[in-house]
Amino acid sequence: ASLPKNSNEICQFSPAMAEVAFRRHQLERDLRSAMTQPDQFHLMYQPKIDLVTETIIGCEALMRWQHPIHGLIPPMEFIPLAEEKGQIVDLGLLVIEQALTFIRRMNDTLGRPIPIAVNVSGYQFELMRAKKMSLVTEIQRMLTEHAIDPEWLEVEITETALMSHFDLVVEQLSQLRGIGIKVALDDFGTGYSSFSYLQKLPISTLKIDRSFVDKASDDRRQTALLHSIITLAEALDLTTVAEGVETLADIDLLKNLRCPLAQGYYYSRPVSDTAMLDLLKTPGKLSPAHERR
Ligand code: C2E
Ligand code: MG
Ligand code: MG
Ligand code: MG
């Protein structure tokens, strides 16, 4: 039916809103049944690049849900549902299991893996504690089971998640560091953590949110801001990864600011495990994504 253009200003509950609520309800229901068919979930991998050598030094695992009817559902849509309904515990363990399986596969195919970073949510820690479980213990168990050294696994947690589950998350991240797992603070700059206690957090890496990178290449003040974050991280002995690098201008700027690492569509979108292996088999510098194939 055709409605007046400004219908949603008049109606309190528009058809569009009903549709959103309906889809959410469907996904909620389907997420529950998908947990019994975990092959609906898989990881994509996005390379992290050393900006000096322009080689791949690691990758980030990003979860995808292949829904039988709706197709590929992005994490922004199903992770919040899984957090709310508790499936994030099992999904989180599934992600680590799949990442470790891929580390083993890289090792067997290439003779040596690269580190994989997995995203964890604050709710994972909270909900596991409520079940008298510990993510750290589970990770340790899986590492032993797969015979994988902790140096090949990294954990990423967003600044916002860290802030909203502070005490427990800091304690758990310290334990992870204690067993030799690196920890990255994700989407840095979007939360409200203050510079002064960055040095007290049990983290090894800052991932600068892509909004900073995006704005910096054509705004002098934004460039200065990006520069100061990179300098600060270096002073605190943290590794820095710039997220969301999309253009050559982004790369040039980050090189000038001496940002050590970058990740983004310019080099590669997240790719399948097999495609990641292919990238790793290609010797030398990683060419920009638009120059490949
Ligand atoms: P994130 O951890 O900050 O991951 C980076 C996101 O930015 C990914 O989106 C990636 O595809 C996207 N990205 C990478 N390079 C570029 C670029 O150059 N331009 C733009 N516009 N985007 C870029 P994705 O895969 O949709 O994931 C979104 C978020 O969902 C992640 O943000 C992470 O917070 C969360 N997430 C993904 N997988 C998992 C998971 O296994 N567990 C948990 N708890 N969260 C996850
Ligand atoms: Mg991340
Ligand atoms: Mg991020
Ligand atoms: Mg940009």
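In the nomenclature of an unreviewed UniProt entry, the protein chain corresponds to Diguanylate cyclase from the organism Halothiobacillus diazotrophicus.

Caption draft 1: Expanded view of the coordination of the magnesium ion (ligand 2). Protein-derived coordination of the magnesium ion (ligand 2) comes from Glu-60 (OE), Asn-119 (OD1), Glu-156 (OE) and Asp-186 (OD), at a distance range of 2.0 to 2.2 Å. Here the magnesium ion (ligand 2) and the magnesium ion (ligand 3) are spaced 4.3 Å apart, linked through Asp-186, which binds each one. One end of the pair, Glu-60, is in strand 2 (residues 55–67); the other, Asp-186, is in strand 6 (residues 182–188), and 126 residues separate them in sequence. Neither residue differs from the other here; Glu-60 and Asp-186 are each classed as buried.

Caption draft 2: Representation of the site of ligand 1 in the model. Lining the immediate environment of ligand 1, one finds 24 residues, of which Glu-60, Arg-64, Asp-186, Glu-246 and Tyr-265 sit closest. Glu-60 is positioned such that a nitrogen or oxygen atom in its side chain is 2.9 Å from an oxygen atom of ligand 1. Contact distances for ligand 1 include 3.1 Å between an oxygen atom and a side-chain N or O atom of Glu-243. Secondary structure elements with two or more residues in the shell around ligand 1: strand 2, helix 3 (75–85) and strand 6. For the shell around ligand 1, the element with the most residues is strand 2, which contributes 4 residues. When its residues are assigned to classes, the shell around ligand 1 shows 10 nonpolar, 6 polar and 8 charged.

Caption draft 3: The arrangement of helix 13 (residues 273–281) in detail. Taken together, the buried positions of helix 13 are occupied by Met-276, Leu-277, Leu-279 and Leu-280. Seen end-on, helix 13 carries its buried residues on one side only, within an arc spanning 160°. Summarising the contacts, the buried residues of helix 13 are in contact with strand 1 (41–50), strand 2 and helix 4 (88–110).

Caption draft 4: The arrangement of the pairing of strand 4 (residues 116–119) in detail. For strand 2 and strand 4, the ladder comprises 3 bridges, and the chain directions are parallel. Among the inter-strand pairings, Ala-61 is bridged to a residue of strand 4, identified as Val-118. Inspection of the sheet shows strand 4 paired to strand 5 (residues 153–158) by 4 bridges, in the parallel sense. Bridged to Ala-117 within strand 5 is Glu-154.

Caption draft 5: Region of interest: the coordination of the magnesium ion (ligand 3). Protein coordination of the magnesium ion (ligand 3) is provided by Asp-186 (OD), Asp-187 (OD), Glu-243 (OE) and Glu-243 (OE), with donor distances spanning 1.9 to 2.5 Å. Read in sequence order, the donor residues coordinating the magnesium ion (ligand 3) give the pattern D-D-x55-E.

Caption draft 6: Representation of the pattern of salt bridges within the structure. Enumeration over the complete set of coordinates arrives at 18 salt bridges. As a salt-bridge pair, Glu-154 and Lys-48 come within 3.2 Å of each other at their nearest N and O atoms. You can see Glu-154 sitting in strand 5 and its partner Lys-48 sitting in strand 1, a full 106 residues away along the chain. Each of Lys-48, Glu-60, Glu-154, Glu-156 and Lys-207 takes part in a single network of salt bridges with overlapping partners.

Cut-offs and rules
- Residues numbered from 1 in each chain as written.
- Chains lettered and ligands numbered in written order.
- Predicted model: local features only at pLDDT ≥ 70, side-chain atom pairs only at ≥ 80, totals over all residues.
- Heavy atoms only, no water.
- Donors = N, O, S within 2.8 Å, 3.2 Å for Na, K, Ca; no water.
- Helix = DSSP H or I, 4+ residues; strand = E, 2+ residues; numbered from the N terminus.
- Buried < 20%, exposed > 50% of the residue type's maximum accessible area, 1.4 Å probe, protein only.
- Near = heavy atom within 4 Å.
- Polar contact = N/O pair within 3.5 Å; in protein donor to acceptor, adjacent residues only side chain to side chain.
- Nonpolar A, V, L, I, M, F, W, Y, C, P; charged D, E, K, R; others polar.
- Arc of directions from axis to C-beta.
- Contact = heavy atoms within 4.5 Å.
- Pairing = 2+ DSSP bridges.
- Salt bridge = Lys/Arg side-chain N within 4 Å of Asp/Glu carboxyl O.

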